Amino acid sequence: DRDVTGVQTCALPICQLGMELYARGEYEEALPHFERYLGTNAADRLDRSETIVHVALCHAMAERYHESIEKFEEAEKIAPDRREVLYHKGVVFMKGRSPEQAIEAFEKCLTIPVERRPEFHLNVDAIWEGTPVREAIVHCRKVADEAKAAWEAQQRGTTPKENP
């Protein structure tokens, strides 16, 4: 049997350094640390999902929306009940000018019952920093409506601000 305790002990500072760089807005510098941490197999499902979300957000900050969406989809497979994955995925679709796909992500986020808590302790709370869950869902509904307005404007060849 292999002793994974040593691997976890050595790998954790790698992820922590990535988080520190991410918190300072040094997204490109954070990426290799997150990727290296994911490669150690030290991450449990929660850590893995959370780290992949940060990788996706780093790509989004660099306007690499395709790579970002791929990472959000990877995180979604690991943790399909995490609303924040779906929310951030929708935001990235909006930034990437794909409002129809953003709507889909937001709507999927909204289908997760408010009372439902997946085995992961992270859910909506990390997005809205302590906002009560129901208020967070109302916010997500507002963002979904904005995505719909953008999509409709795109179909008409206008922008949402030009709408009557």
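Everything numeric here is computed off the predicted structure, so don't read it as measured data. (Residues numbered from 1 in each chain as written. Predicted model: local features only at pLDDT ≥ 70, side-chain atom pairs only at ≥ 80, totals over all residues. Heavy atoms only, no water.)

A. Region of the structure containing the packing of aromatic side chains. Scanning the entire structure with this criterion turns up 2 aromatic pairs. Judged by centre distance (5.2 Å) and plane angle (70°), the rings of Tyr22 and Tyr27 are edge-to-face. (Phe/Tyr/Trp six-rings, centres within 6.5 Å; stacked < 30°, edge-to-face > 60°.)

B. Examining the pattern of salt bridges more closely. A full pass over the atoms with the stated rule returns 10 salt bridges. Here Glu28 ties to Arg64 by a salt bridge, and the two come within 2.8 Å at their closest N and O atoms. Taken together, the positions of Glu28 in helix α2 (residues 27-38) and Arg64 in the loop between α3 (45-61) and α4 (65-78) put the pair 36 residues apart, joining distant regions of the chain. Owing to a relative accessible area of 41%, Glu28 belongs among the partly exposed residues under this scheme. Judged by relative accessible area, which is 24%, Arg64 ranks as partly exposed. (Salt bridge = Lys/Arg side-chain N within 4 Å of Asp/Glu carboxyl O. Helix = DSSP H or I, 4+ residues; strand = E, 2+ residues; numbered from the N terminus. Buried < 20%, exposed > 50% of the residue type's maximum accessible area, 1.4 Å probe, protein only.)

C. Molecular detail of the environment of Arg83. Within the secondary structure, Arg83 sits in helix α5 (residues 83-95). Exposure remark for Arg83: the relative accessible area of 0% places this residue in the buried category. Linking Arg83 and Thr111, residues 28 residues apart in sequence, is a C-alpha distance of 9.4 Å.

D. Seen up close, unusual backbone geometry. Of note in the backbone geometry, Glu63 takes a positive phi value of approximately 60° without being a glycine. Inspection of the secondary structure assignment puts Glu63 in the loop between α3 and α4. In this structure Glu63 comes out as exposed when scored by relative accessible area, which is 58%. Of note in the backbone geometry, Arg97 takes a positive phi value of approximately 60° without being a glycine. With respect to the helices and strands, Arg97 occurs in the loop between α5 and α6 (99-111).

E. Main features of α5. Over its 13 residues, α5 extends 19 Å from the first C-alpha to the last, a length consistent with the 18 Å expected when each residue adds 1.5 Å. Within α5, 10 of the 13 residues are buried, which leaves the element mostly enclosed by the surrounding structure. Those residues of α5 not exposed but buried are Arg83, Glu84, Val85, Leu86, Tyr87, His88, Lys89, Gly90, Val92 and Phe93. Of the residues trailing α5, Arg97 is marked for its positive phi of about 60°. (Expected span 1.5 Å × (residues − 1).)

F. Inspection of the side chain of Ser49 at higher detail. Topologically, Ser49 is positioned in helix α3. Residue Ser49 is classed as buried on the basis of its relative accessible area of 0%. Those residues in contact with Ser49 that sit more than four places away from it in its chain are Ala75, Ile78, Ala79 and Arg82. (Contact = heavy atoms within 4.5 Å.)

G. Representation of the nonpolar core. Core analysis: the biggest nonpolar cluster contains 34 residues, and Tyr22, Ala30, Phe34, Val53, Cys58, Phe72 and Phe106 have the highest contact counts within it. Breaking this core down by element, the ones donating at least two residues are α1 (4-23), α2, α3, α4, α5, α6 and α8 (133-156). Tallying contributions element by element places α3 first for this core, with 7 residues. (Core = buried A, V, L, I, M, F, W, Y, C linked by side-chain atoms within 4.5 Å.)

Fair warning: the whole summary comes from geometry, so function is off the table for now.
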